[in-house]
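Observations on the three-dimensional arrangement
Here's the letter readout for the chains.
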Amino acid sequence: MPKQWAPCQPLIHRAKPIEMSRFEFLLSLRAIVGDANVLTEGDLSGYELDWRKRERGKALAVVRPSSTAQVAEVVKTCAQAGVSIVPQGGNTGMVVGSTPDASGTQIVLSLTRMNAIRTLDAANLTITVEAGCVLQTLQEACDKAGFLFPLSLASEGSCTIGGNLGTNAGGTQVVRFGNTRELCLGLEVVTAQGEVWSGLTGLRKDNTGYDLRHLFIGSEGTLGVITAATMKLYPAPKSQLTALAAVPSLDAAVALLGLAHQHLGAGLTGFEVMGQFALSLVTKHFPQQRVPFYETTPYCVVLENSDSESDEHARGQFERLLEDALAQGCVSDAVVAESMAQARALWHIRESIPLAQAQEGLNIKHDISIAVSRIPEFVRLADAALEAQFPGVRLVNYGHLGDGNLHYNVQAPAGADAEVFLRDQEGPINAVVYALVDEFNGSISAEHGIGSLKREKLEKHKSPVALGLMRSIKAALDPHNMFNPGRMLAASGVAPE
Ligand code: FAD
Ligand code: MLT
Ligand code: ZN
């Protein structure tokens, strides 16, 4: 007789799991997805270790379905066996939400084999795609068909549309197109009962009750498994111009943003700020990259102008904006890319910051949002408080200023042991930053989500009423706490006994 094994915990209000051995359980999974797609041995780091290397988990198995029907069967099998499921796309998440815990009792449900583009409806300006499709593959397919799919993140070569929806990812085009949520018109989801909700209507108007899609978007795999989505398309712009501007202060960067809105209107598709130390890390770790201005200015901004008329029109608008900004003193110097290659190089500088930061060592990330108008004041206060209380800390400040979203990150003092620094200082540093975020009515997670890294912080910074509503939704949709338990919401709070 194979050994009986305990179902995963903590599970609140679970139906009594049927008695099933590990052997029988894996056999059932193999019957659904095929032997080759139930991984239990070998190097599973790509599934078990998060991108930031903050936590290494242990999966009972990695299961790789190839269809929605298979996902539904896997979910039913897990429900019967009392095994919890961690949905996973590209595993590029920043908050330890897509890897299993260390118990060895959770399966990772990897959606990467479900990567087909199902249909493109040109007249409806929509594309329907499976959850495991890599974002860049989707962007390229849209581009080839003459459309723009605007979601853009530095991880686009490996993150998936299911993960983007699961986290409601932001990225560098939110100032014009919104988060992933705003780009989604419909979902297909496998529920905790193993049923399939087919909501891929592609409708822009539908007021027939609660909008279920919005519950699953940003739910970080805690409510159901997204298997496909219908996303919005936009006409490809005729011209896209990128500039890099040196700005003398964050106040100047905010003033430049105002001017950019005025001059470019809906043409303003990117507005990213980068602090001097963040840029210095790019030059340190990627010395082949040329980074203009950074040695002589505290901040630089990358701006993008997308134009539906012509290159000439875009360039004229951009020149008038920069002339105005220079005259008003909010820009001290600027370069406008002369070619696509130059534009890509400017964007590449911005996209390299998280990679350079990772190369520099373990770090503390703060993905915060605050009203744009108050960002300079916030940074002044936060910089001063951290420098006074934690001498030598290095502030890696950059992000999506156009959306009021800063990655206000903290790196250990030069030469310090980053692991020790994180162990001893992460809590106190977070306390300083998040107290200020509260004072400014901001958010402790603008775009990366909560996962397990920020779960306790959510309890502290979200209102009890909001948390109560979230728990009610979790209990209603996933009553046995099967999906990603302990992520986002504390397991004990899901459905009190
Ligand atoms: P994963 O990491 O695999 O999963 C993320 C979460 O979604 C988990 O909770 C998981 O359980 C859930 N999930 C995954 N697939 C599904 C599914 N099919 N159904 C239900 N739930 C699911 N994020 C931003 O918002 N903006 C940025 O600019 C940005 N830049 C980044 C740059 C770099 C270099 C890196 C490494 C990451 C960046 N991220 C950014 C974070 C990350 O890429 C995004 O969160 C992305 O959306 C995650 O996609 P993924 O497929 O890797 O999801
Ligand atoms: C970014 O904007 O580059 C990302 O959100 C990644 C990060 O914060 O490190
Ligand atoms: Zn970001």
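Check the entry above for the structure.
Keep in mind the model is a prediction, meaning the values are calculated, not measured.

This paragraph deals with the pattern of salt bridges. Close approach of charged atoms allows side chains of opposite charge to pair. According to the stated counting rule, one finds 16 salt bridges in the structure shown. Measuring nitrogen to oxygen at the nearest pair gives 2.5 Å for the salt bridge that ties R213 to D211. The exposure class assigned to D211 is partly exposed, which follows from its relative accessible area of 34%. Residues D478 and K474 are paired through a salt bridge, measuring 2.7 Å at the closest nitrogen-oxygen approach. A relative accessible area of 0% means that D478 is categorised as buried.

Counting buried residues along strand β18 (residues 394-400), seven of its seven residues qualify, which places the element largely inside the surrounding structure. Sheet topology note: the β18/strand β19 (residues 405-411) ladder contains seven bridges and is antiparallel. Residue pairing in the sheet places L395 in a bridge with V410 of β19. Between β18 and β19, which pair antiparallel in sequence order, lie four residues; one of them, G404, sits at a positive phi of approximately 70°.

Attention now moves to the coordination of the zinc ion (ligand 3). Between any two of four tetrahedral donors, the ideal angle at the metal is 109.5 degrees; between two of six octahedral donors, it is 90 or 180 degrees. The zinc ion (ligand 3) binds to the protein through H400 (NE2), H407 (NE2) and E447 (OE); the donor distances cover 1.9 to 2.1 Å. The motif formed by the donor residues of the zinc ion (ligand 3), counted along the single chain, is H-x6-H-x39-E. Of this pair, H407 sits in strand β19 while E447 sits in the loop between α14 (418-439) and α15 (455-461), and the two are 40 residues apart along the sequence. We note that H407, like E447, is buried.

We now examine the nonpolar core. By size, the foremost hydrophobic cluster in this structure holds 52 residues, and its most contacted members are L256, F271, L303, F378, L386 and I429. For this core, the secondary-structure elements that each account for two or more residues are β12 (239-247), α9 (250-264), β13 (268-275), β14 (299-307), α11 (311-328), α13 (375-389), β19 and α14. It is α9 that provides the largest number of residues to this core, a total of nine residues. Non-local contacts of F378, meaning those with residues more than four positions away in its chain, are made with I368, I370, V433, L436, V437 and F440.

Parameters and conventions
Residues numbered from 1 in each chain as written. Chains lettered and ligands numbered in written order. Predicted model: local features only at pLDDT ≥ 70, side-chain atom pairs only at ≥ 80, totals over all residues. Heavy atoms only, no water. Salt bridge = Lys/Arg side-chain N within 4 Å of Asp/Glu carboxyl O. Buried < 20%, exposed > 50% of the residue type's maximum accessible area, 1.4 Å probe, protein only. Helix = DSSP H or I, 4+ residues; strand = E, 2+ residues; numbered from the N terminus. Pairing = 2+ DSSP bridges. Donors = N, O, S within 2.8 Å, 3.2 Å for Na, K, Ca; no water. Core = buried A, V, L, I, M, F, W, Y, C linked by side-chain atoms within 4.5 Å. Contact = heavy atoms within 4.5 Å.

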